[in-house]
Amino acid sequence: MSEIAALLLCKVGGKGGSADDIKAVLEAAGAEINEDKISALTADMDGKDINDLLAAGMEKLKDVPMGGGGGGGGGGGAAEAAEEEKEEEEEEMEMGGGGDLFGGDGGGDGGDY
């Protein structure tokens with residue numbers, strides 16, 4: 001895979017994509033160089049235009065079903081959150097709001113302060 005990526009980088013950079021060009025890109029990236037893969041790739045690419053190959057590949061991809069139709073399901077999360085919120089409100093109401101926590105019933109006769 002790295003050999004193909006190196007070839008494409010060569011082409012984008014205006015190079016011919018020879019075995020030496022591919023090796024130079026791989027060396028610069030610090031990748032391992034596999035002579036067999038490079039020679040097989042250059043042999044397969046001999047006499048072919050990379051743009052024509054990419055265009056042919058894009059045509060083939062048009063027939064491949066991708067994504068779509070997956071929008072359903074997963075709708076129960078909002079209902080669960082609403083139930084939890086109702087339960088929390090009920091718990092707060094039952095607690096009575098603190099009562100005598102801060103020094104009395106709020107009559108204003110001082111308390112501890």
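Residues numbered from 1 in each chain as written. Predicted model: local features only at pLDDT ≥ 70, side-chain atom pairs only at ≥ 80, totals over all residues. Heavy atoms only, no water.

### Remarks on helix H1 (residues 2–12)
Buried within H1 are the following residues: Glu3, Ala6, Leu7 and Cys10. Considered in projection along H1, the buried side chains sweep an arc of 100° and stay on one side of the axis. Away from the buried face of H1 by more than 90 degrees, exposed residues Leu9 and Val12 are located. Of the surrounding elements, those touching the buried residues of H1 are helix H2 (19–29), helix H3 (35–45) and helix H4 (50–61). (Buried < 20%, exposed > 50% of the residue type's maximum accessible area, 1.4 Å probe, protein only. Helix = DSSP H or I, 4+ residues; strand = E, 2+ residues; numbered from the N terminus. Arc of directions from axis to C-beta. Contact = heavy atoms within 4.5 Å.)

### Section: the pattern of salt bridges
For the coordinates displayed, the defined rule picks out two salt bridges. For Glu35, the salt bridge identified is with Lys23, shortest N-O distance 3.0 Å. Of this pair, Glu35 sits in helix H3 while Lys23 sits in helix H2; the two residues are 12 residues apart in sequence, bridging distant segments of the chain. A salt bridge links Glu59 to Lys62; the nearest nitrogen and oxygen atoms lie 3.0 Å apart. Given the relative accessible area of 61%, Lys62 is considered exposed. (Salt bridge = Lys/Arg side-chain N within 4 Å of Asp/Glu carboxyl O.)

### So, the confidence of the model for the protein
The pLDDT averaged across the protein works out to 79; a share of 63% of its residues lies at or above 70. Mean pLDDT across the elements of the protein bottoms out in helix H5 (residues 77–95) (65) and peaks in H2 (93). (pLDDT = per-residue confidence, 0-100.)

### Looking at H3
Along H3, the residues that are buried comprise Ile38, Leu41 and Met45. One side of H3 holds all its buried residues, which, seen down the axis, span an arc of 65°. The outward face of H3, more than 90 degrees from its buried face, is lined by the exposed residues Asp36 and Ala43. At its buried positions, H3 is contacted by H1, H2 and H4. Capping the start of H3 is the job of one residue whose side-chain oxygen sits 3.1 Å from the backbone nitrogen of Asp36: Asn34. (Polar contact = N/O pair within 3.5 Å; in protein donor to acceptor, adjacent residues only side chain to side chain.)

### Comments concerning a nonpolar patch on the surface
Taken together, Met1, Ile4, Leu8 and Leu54 make up a surface patch of nonpolar side chains, about 410 Å² in accessible area. Residue classification places Leu54 among the partly exposed residues on the basis of a relative accessible area of 45%. (Patch = residues over 30% accessible without salt bridge, like charges linked within 9 Å, V, L, I, M, F, W, Y side chains within 5 Å. Areas by Shrake-Rupley, 256 points an atom, 1.4 Å probe, with all protein chains shown as cover.)

### Considering the packing of H1 against H2
Contact geometry for H1 and H2: axes closest at 9 Å, N-to-C directions at 105°. In terms of their interaxial angle, H1 and H2 are classed as roughly perpendicular. Seen from H1, the contacting residues are Ser2, Glu3, Ala6, Leu7, Leu9 and Cys10; seen from H2, they are Asp21, Ile22, Val25 and Leu26. Residues of the contact of H1 with H2, tallied by class, amount to seven nonpolar, one polar and two charged. (Axes fitted to C-alpha atoms, helices over the stretch in contact; angles between N-to-C directions. Parallel < 35°, antiparallel > 145°, perpendicular 65-115°, else oblique. Nonpolar A, V, L, I, M, F, W, Y, C, P; charged D, E, K, R; others polar.)

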